[in-house]
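# Architecture at a glance
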Amino acid sequence: MKLPEFVIYAVKRLEESGFEAYPVGGCVRDMARGAEPKDWDVATSALPKQVEEVFAGHRVAETGIKHGTVTVIIDGEPIEITTFRTEGEYLDHRRPSRVEFVSSLTEDLRRRDLTVNAMACTAEGRIIDPFGGLEDMKNHLLRAVGSPEERFSEDALRVMRAVRFQSVLGWQIEERTMAAMRKCGGLLKCISGERIFAELKKLVMGDHVLTALTCCGDILAAAVPEIEATIGFDQRNRHHIYDVWQHTARALALSERDLYIRLALLFHDVGKPKSFTVDQNGEGHFYAHAKLSAEMTENAMERLRADRRAREEVVWLVAMHDWSVTPTERTAAKMASKWGFERSRRLLKVKAADNAAQSPKYRQRGKDAEALLKMLDELEKKAGCLTLRDLAVKGGDLLALGMRGAEIGESLDMMLRAVVEGRAANSREALLSLLDG
Ligand code: ATP
Ligand code: MG
């Protein structure tokens, strides 16, 4: 295992000042499995103030000084350096009441969630693994460090993290760990929306999300209660061969790896159980479920403290997911001019994935969505080749309207952008109406 130069530099610098220092946690796990670490954490015997002294002359940020963390920027790369610590009594199954600095690396590794996340290494790349993380990694097993029940009831977010790692890595959750997750999963109710959302975003983007959602839906329902009623909900409708949650999990797993598309699919049918009716033939219907789903999604996204863009985009996709489309060029042009290409494509991809997870006997809606996606591509290609010369409005038209000089040029540019982005049709009427806005 070869560490990047900036990490070796940071570790050596601390060692030369008489401290111990080791890369730890996720970065060691990722290197050991041959993947690129996303961020670098170093654990050290130095106290935060001492870390700051060692790195005087570098950019240093006190990112979490109360918890012992200092971020140091080396060659433009951030490294989080944290003093060896254990955690005191836990309050409300969330956060430790206080952290305590300790002198040994092993004590620090003991507080971590999973064995594969409880490894450290030396500057030379030798792995330090007191809890059997390497063995578990070889067997593709996710196992809690120490007593699983204790670990999960200390900080219930760990339950969600385990499901997230299952989704991202595709590894199995060890039996006792799984049993403890089932027992303690309800405590996820105590965890803040922000922390849940950070894990949820990674979870839905995992390559093995179908396994994670099917195996752990009941656990996730404590973190995202909107999904609870969908689990096992029989649709009694010929378009469907799965219950609402199984359908949701499949639609999500079949969709593109785009955060908004995946979150929208997670929530698209949460309104179904409440809008369920059965007709005289015994067939189930869910009239206006998209609207109800969208309202519930809005609520969930607020609680999860999602940023505004994510909230708006996901709620809109959920509200529109059942909108019926006719696959014609006219529809494509209308969609592009109303919503732009990016948003229109997302909606069609949501629709295609939704349909792909229904009964194989009814695939027309998916085919229509795919056809429209192709038409949008064509349309964008055509629009992309446009220049000012092709625009339906000319400088002379604006001059006649009383515009002068730079204003004319700017207006023409604005119109061209609107056409290229699909927000306006290339017609005199449509373009001139942009001036009123
Ligand atoms: P990623 O690859 O997504 O960054 P990660 O495992 O590195 O995953 P981080 O949030 O960066 O996750 O945390 C770094 C390390 O800190 C983890 O590998 C783990 O050892 C420890 N850790 C993080 N959160 C917890 C927690 N809630 N309980 C116990 N240990 C944790
Ligand atoms: Mg990390």
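Reading guide: rules and limits
Residues numbered from 1 in each chain as written. Chains lettered and ligands numbered in written order. Predicted model: local features only at pLDDT ≥ 70, side-chain atom pairs only at ≥ 80, totals over all residues. Heavy atoms only, no water. Near = heavy atom within 4 Å. Polar contact = N/O pair within 3.5 Å; in protein donor to acceptor, adjacent residues only side chain to side chain. Areas by Shrake-Rupley, 256 points an atom, 1.4 Å probe, with all protein chains shown as cover. Disulfide = S-S within 2.5 Å. Buried < 20%, exposed > 50% of the residue type's maximum accessible area, 1.4 Å probe, protein only. Helix = DSSP H or I, 4+ residues; strand = E, 2+ residues; numbered from the N terminus. Pairing = 2+ DSSP bridges. Salt bridge = Lys/Arg side-chain N within 4 Å of Asp/Glu carboxyl O. Phe/Tyr/Trp six-rings, centres within 6.5 Å; stacked < 30°, edge-to-face > 60°. Lys NZ or Arg CZ within 6 Å of the ring centre and 35° of its normal. Contact = heavy atoms within 4.5 Å. Axes fitted to C-alpha atoms, helices over the stretch in contact; angles between N-to-C directions. Parallel < 35°, antiparallel > 145°, perpendicular 65-115°, else oblique. Nonpolar A, V, L, I, M, F, W, Y, C, P; charged D, E, K, R; others polar. Domains from an automatic or database assignment. Core = buried A, V, L, I, M, F, W, Y, C linked by side-chain atoms within 4.5 Å.

Next up on the list: the site of ligand 1. Around ligand 1, a shell composed of 17 residues is seen, among which Arg29, Asn117, Asp155, Arg158 and Arg164 lie nearest. Here an oxygen atom of ligand 1 and a backbone polar atom of Asn117 are 2.8 Å apart. Within the contact set of ligand 1, a nitrogen atom lies 2.7 Å away from a side-chain nitrogen or oxygen of Arg158. Against a free-state accessible area of 590 Å², the protein chains account for coverage of 83% of ligand 1.

Applying the stated criterion to the full structure yields zero disulfides. Cys190 forms no disulfide, and the closest cysteine sulfur to it belongs to Cys184, at a distance of 11 Å. Residue Cys190 is classed as partly exposed on the basis of its relative accessible area of 31%. Of the cysteine sulfurs around Cys216, a residue in no disulfide, the closest is that of Cys215, at 3.0 Å.

The element strand E2 (residues 40–44) is largely enclosed, with a buried count of four among its five residues. As defined by bridge partners, strand E1 (residues 21–23) adjoins E2 across three bridges and the pair is classed as antiparallel. Residue Pro23 lies in a different strand from E2, and its bridge partner there is Val42. Bridge count for E2 against strand E5 (residues 77–83) is five bridges, and the pairing is parallel. Paired with Thr44 across the bridge in E5 is Thr83.

Using the criterion set out here, one finds 38 salt bridges in the structure. The residue Asp322 makes a salt bridge to Arg365 at a minimum N-O spacing of 3.1 Å. Of this pair, Asp322 sits in the loop between helix H14 (308–320) and helix H15 (329–356) while Arg365 is found in helix H16 (residues 364–384), placing the two residues 43 residues apart along the sequence. A residue is classified by how much of its surface remains accessible, and Asp322, at 32% relative accessible area, is partly exposed. Judged by its relative accessible area of 42%, Arg365 is partly exposed. Each of Asp258, Arg309, Glu313, Glu342, Arg343 and Arg346 takes part in a single network of salt bridges with overlapping partners.

The next point concerns the packing of aromatic side chains. Taken as a whole and assessed by the stated rule, the structure comprises six aromatic pairs. With a centroid separation of 5.1 Å and 90° between ring planes, the pair formed by Phe233 and Phe276 is classed as edge-to-face. Separated by 43 residues along the polypeptide, Phe233 in the loop between helix H10 (209–223) and helix H11 (244–254) and Phe276 in the loop between helix H12 (259–267) and strand E14 (277–278) bring together distant segments of the chain. Through a chain of ring-to-ring contacts, the aromatic side chains of Phe233, Phe276 and Phe286 assemble into a single cluster. Across from the ring centre of Tyr242, 4.2 Å away, lies the NZ or CZ of Arg250, which sits over that ring. Lys272 extends its terminal NZ or CZ atom over the ring of Phe286, reaching a point 4.6 Å from the ring centre.

Of all nine residues in H12, eight are buried, a share of seventy percent or more. Buried within H12 we find Tyr260, Ile261, Arg262, Leu263, Ala264, Leu265, Leu266 and Phe267. The secondary structure elements touched by the buried residues of H12 are helix H9 (193–204), H10, H11, helix H13 (289–303), H14 and H15. Here H12 starts with a cap whose side-chain oxygen sits 3.1 Å from the backbone nitrogen of Tyr260, and that cap is Asp258.

Before going further, it helps to examine the pairing of strand E4 (residues 69–74). Extensive coverage of E4 is indicated by the burial of six of its six residues. What you see with E4 is no split at all: Thr69, Thr71 and Ile73 on one side and Val70, Val72 and Ile74 on the other are buried throughout. Of the strand pairs in this sheet, strand E3 (residues 59–64) and E4 are connected by four bridges, and their pairing is antiparallel. Across the sheet, Ala61 pairs through a bridge with Thr71, a residue of E4. Where E4 meets E5, six bridges bridge the pair, whose relative direction is antiparallel. Paired with Val70 across the bridge in E5 is Ile81. Remark: two residues form the turn of the hairpin made by E4 and E5, two consecutive strands paired antiparallel; Asp75 in that turn has positive phi of roughly 50°.

So, about the packing of H11 against H12. H12 packs onto H11 with a crossing angle of 170° between their chain directions and a minimal axis gap of 8 Å. The orientation of H11 with respect to H12, classified from their angle, is roughly antiparallel. Taken together, the residues of H12 that come into contact with H11 (itself represented by Trp245, Thr248, Ala251, Leu252 and Ala253) are Arg262, Leu265 and Leu266. For the contact of H11 with H12, a count of residues per class yields six nonpolar, one polar and one charged.

For the chain, the assigned domains read domain 1 (1–131), domain 2 (258–383) and domain 3 (388–436). The C-alpha-based centres of domain 1 and domain 2 are spaced at 43 Å.

Turning next to the nonpolar core. Ranked by size, the top nonpolar core spans 105 residues in total, and within it Leu14, Phe55, Ile79, Met160, Met181, Leu188 and Phe267 carry the most contacts. Element by element, the count of residues in this core is highest for H15, at ten residues. Both domains that furnish three or more residues to this core are identified here as domain 1 (1–131) and domain 2 (258–383). With near-sequence residues (within four places) excluded, Ile79 lies in contact with Phe6, Val7, Ala10, Trp40, Val42, Val70, Thr71, Val72 and Ile74.

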